[in-house]
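# Breakdown of the fold
The chain contents come next:
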Number of protein chains: 2
Amino acid sequence: MFSKACEYGIRAAVYIAMQSLDGRRVSVNEIAEEIDSPMAFTAKILQQLTKNNIIDSVKGPTGGFEIEREAMDTVKLSKIVKAIDGDKIYVGCGLGLKECNADKPCPLHDKFVDVRSNLRTMLQSTSLYELATGLEVGLTYLKR
Amino acid sequence: MFSKACEYGIRAAVYIAMQSLDGRRVSVNEIAEEIDSPMAFTAKILQQLTKNNIIDSVKGPTGGFEIEREAMDTVKLSKIVKAIDGDKIYVGCGLGLKECNADKPCPLHDKFVDVRSNLRTMLQSTSLYELATGLEVGLTYLKR
DNA sequence: TTTAATTCGGATAAATTTATCCTTTATTAA
DNA sequence: TTAATAAAGGATAAATTTATCCGAATTAAA
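Numbering of residues starts from 1 in each chain and follows the order in which that chain's sequence is written. Key to labels: chains lettered from A, ligands numbered from 1, both in the order written. Totals for whole chains, interfaces and linings use all residues, but because this is a predicted model, local features are given only for residues with pLDDT of at least 70 and pairs of side-chain atoms are given and counted only at 80 or more. Computation of side-chain values covers all heavy atoms of the structure but excludes hydrogens and water.

As recorded in an unreviewed UniProt entry, chain A goes by the name Rrf2 family transcriptional regulator, listed as coming from Flagellimonas alvinocaridis.

### As for the relation of the copies chain B and chain A
Superposition of the two copies of the chain requires a rotation about an axis and a shift along the axis. C-alpha atoms of residues with pLDDT of at least 70 in both copies form the basis for the least-squares superposition of the copies. Once turned by 180° and shifted 0.0 Å along the axis, chain B lies on chain A with an RMSD of 0.0 Å. Expressed as a symmetry operation, the mapping of one chain copy onto the other fits a two-fold axis. Closest to the rotation axis within chain B is the C-alpha of Met1(B), separated from it by 2.6 Å.

### Points about the protein's contact with DNA strand C
Consider each residue's heavy atoms; a residue with any of them within 4 Å of a molecule or strand counts as near. Close contacts around DNA strand C come from 27 residues, with Tyr8(A), Pro38(A), Pro61(A), Lys44(B) and Ser57(B) the closest. What qualifies as a polar contact is a pair of N or O atoms within 3.5 Å, subject to a donor-acceptor requirement within protein and to the restriction that residues adjacent in sequence count only when both atoms come from side chains. The side chain of Lys44(B) places a nitrogen or oxygen atom 2.5 Å from a base oxygen of DNA strand C. Gln47(B) places a side-chain nitrogen or oxygen 3.1 Å from a base nitrogen of DNA strand C. Numbering of helices and strands runs from the N terminus, with a helix taken as a DSSP run of H or I at least four residues long and a strand as a DSSP run of E at least two residues long. Broken down by secondary-structure element, the contributors of at least two residues to the surface near DNA strand C are helix H1 (4-21) and helix H3 (39-51) of chain A together with helix H3 (39-51), strand S1 (56-58) and strand S2 (64-66) of chain B. Class assignment for the residues of the surface near DNA strand C results in 11 nonpolar, 10 polar and 6 charged. In this classification, Asp, Glu, Lys and Arg are treated as charged, Ala, Val, Leu, Ile, Met, Phe, Trp, Tyr, Cys and Pro as nonpolar, and every other residue, Gly included, as polar.

### Side note on the pattern of salt bridges
Residues and elements named next belong to chain A. We define a salt bridge as a side-chain nitrogen of Lys or Arg found within 4 Å of a carboxyl oxygen belonging to Asp or Glu. One pass over the structure, following the stated rule, counts 10 salt bridges over all chains. A salt bridge links Arg25 to Glu66; its shortest N-O distance comes to 3.2 Å. Taken together, the residues Arg25 in the loop between H1 and helix H2 (28-35) and Glu66 in strand S2 (residues 64-66) connect sequence positions 41 residues apart. Here's how the labels work: a residue is buried when its accessible area is under 20% of the maximum for its type, exposed when over 50%, partly exposed in between, all with a 1.4 Å probe on protein chains only. Note on Arg25: relative accessible area 32%, which makes it partly exposed.

If you want it as structure tokens, here you go:
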């Protein structure tokens, strides 16, 4: 469904958000450890998220990654997915046709529209804050 | 969503089914041309579908691929997807966690269950026959 | 019986994704 | 001012997916 990069990206963002709720700034090292992801690769993905203004980064000692409380509400999963995987999950034909649309649909078109709008709605309505609080109160988990 | 291989596989299967409805057996060459896919790669995928008893193959002159009328009803998309991409689209965590389940869910677990069961239902209830007839009467398209 | 058409199967190449390593830059604190 | 810490960025490697090529096996028709 999502690429590995995107999976790590979402997990990292949720972890950062949870820690930011406690006022803690976290390093790549800690993040990779806590979400059980390859550290150097995770660093790359965090760079992408930073460039896309999804998370904030601070260099130097005591530096690390954080997310503003307000951004946790604004940033929906859709924004993270788009920053990493692009919009191929929303746009484009389920069977890979370039010119598939309601006028000239592929055999799966109508059924796919349903499934995907379902997914899109989910991603567009789920905020980082929502995911982070579930984590914080111990309802959900990020490792393994 | 699906791998390229799976996209080609579904398109090929639908095309073969449509031609089989007309009593025509088709070659890899024709298939690749008609569904606009790389021929040698498509041949590999057709081998997989044959091994999984999704389509039938006949060697030699006048040989090619075909699907029995009955199989068109029996074979749902889920079977094709499983033969090519495995069941990772059904099973497993949206965020890539190994031990994610209702007891120890990832932050996205519940929302993902919905989206995916939607997808699973669609794949399990859509038959090759259904897709092939849409093609045959000119309601849907496979190329481009 | 030979020829030609077709799938099958193995080897390999190209492209993309995943992952690592190392140097540079920024910044804090001693 | 220096040393240490952390992210940024570039180069490269490993793994996987996508794709091609070619000889072998099968079979129908000439």
